[in-house]
Amino acid sequence: MAEHLLDQANVAAGHLLQLLVAGADTTTSLIGNVLYRLLEEPSRWDRVVADPSLAGAAIEESLRRDSPLPYTLRTVVTDTKLAGCPVRPKDRIVLSLQSANWDESAWGDSALEYNLDRAGAAAHLAFGSGIHTCLGAPIARIDG
């Protein structure tokens, strides 16, 4: 019984450490990416300084254009096919969040450009989606 509780405590501690490290690294990347994109074109910086309400748009567009976590791993749970390729339960696949955020069919011909005025930029997948949405997304946005 005590050994089982110790195992559970170790698993919980591991999850907490993962959340702390993942959040610190990705938030640091987010802040660096936003500053880079704003300073890359000084008029962007000037716009945000003149109108701080644009800070949210700057963060969302940065998350879309330069996702701090460009890909994620998933484990397949049922037999299926991806783009005609069979995948089986327990197979590991890599999902490119950045590729989805640069998809021209979703974001238009300017998908690779950083645009403070992009409509719908918050629809990016930098924080995942559904049950796989990042737990720290709201805090990352506030930190940014």
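Residues numbered from 1 in each chain as written. Predicted model: local features only at pLDDT ≥ 70, side-chain atom pairs only at ≥ 80, totals over all residues. Heavy atoms only, no water.

1. Regarding the overall build of the protein
Within the protein one finds six helices and four strands. In the protein, the order of α-helices and β-strands from amino to carboxyl end is α-α-α-β-β-β-β-α-α-α. Taken over C-alpha atoms, the radius of gyration comes to 19 Å for the protein, far larger than the 15 Å a tight globule of 144 residues would show. Taking the principal axes of the C-alpha coordinates as reference, the protein spans close to 60 × 40 × 20 Å. Here the protein holds 144 residues, and the buried ones make up 25% of them. When contacts within the protein are restricted to residue pairs at least 6 apart in sequence, long-range pairs at least 24 apart make up 57% of them. Counting only carbon and sulfur atoms, one obtains 62% of the accessible surface of the protein, whose full area is about 9500 Å². (Helix = DSSP H or I, 4+ residues; strand = E, 2+ residues; numbered from the N terminus. Rg over C-alpha atoms; globule rule 2.2 N^0.38 Å. Buried < 20%, exposed > 50% of the residue type's maximum accessible area, 1.4 Å probe, protein only. Contact = heavy atoms within 4.5 Å. Areas by Shrake-Rupley, 256 points an atom, 1.4 Å probe, with all protein chains shown as cover.)

2. Observations regarding the nonpolar core
Counting 14 residues, the largest nonpolar core has V34, L38, V48, A58, L63 and L116 as the members making the most contacts within it. Sorting the residues of this core by element identifies helix 1 (2-40), helix 3 (55-65) and helix 6 (137-143) as the ones contributing at least two each. Every residue in contact with V48, bar those within four places of it in the chain, is listed here: L38, L54, A55, A58 and L116. (Core = buried A, V, L, I, M, F, W, Y, C linked by side-chain atoms within 4.5 Å.)

3. A word on the confidence of the model for the protein
Averaged over every residue, the pLDDT of the protein is 89; the share at 70 or more is 97%. Element-level pLDDT for the protein is lowest in helix 1, with a mean of 81, against a maximum mean of 98 in helix 2 (residues 42-50). (pLDDT = per-residue confidence, 0-100.)

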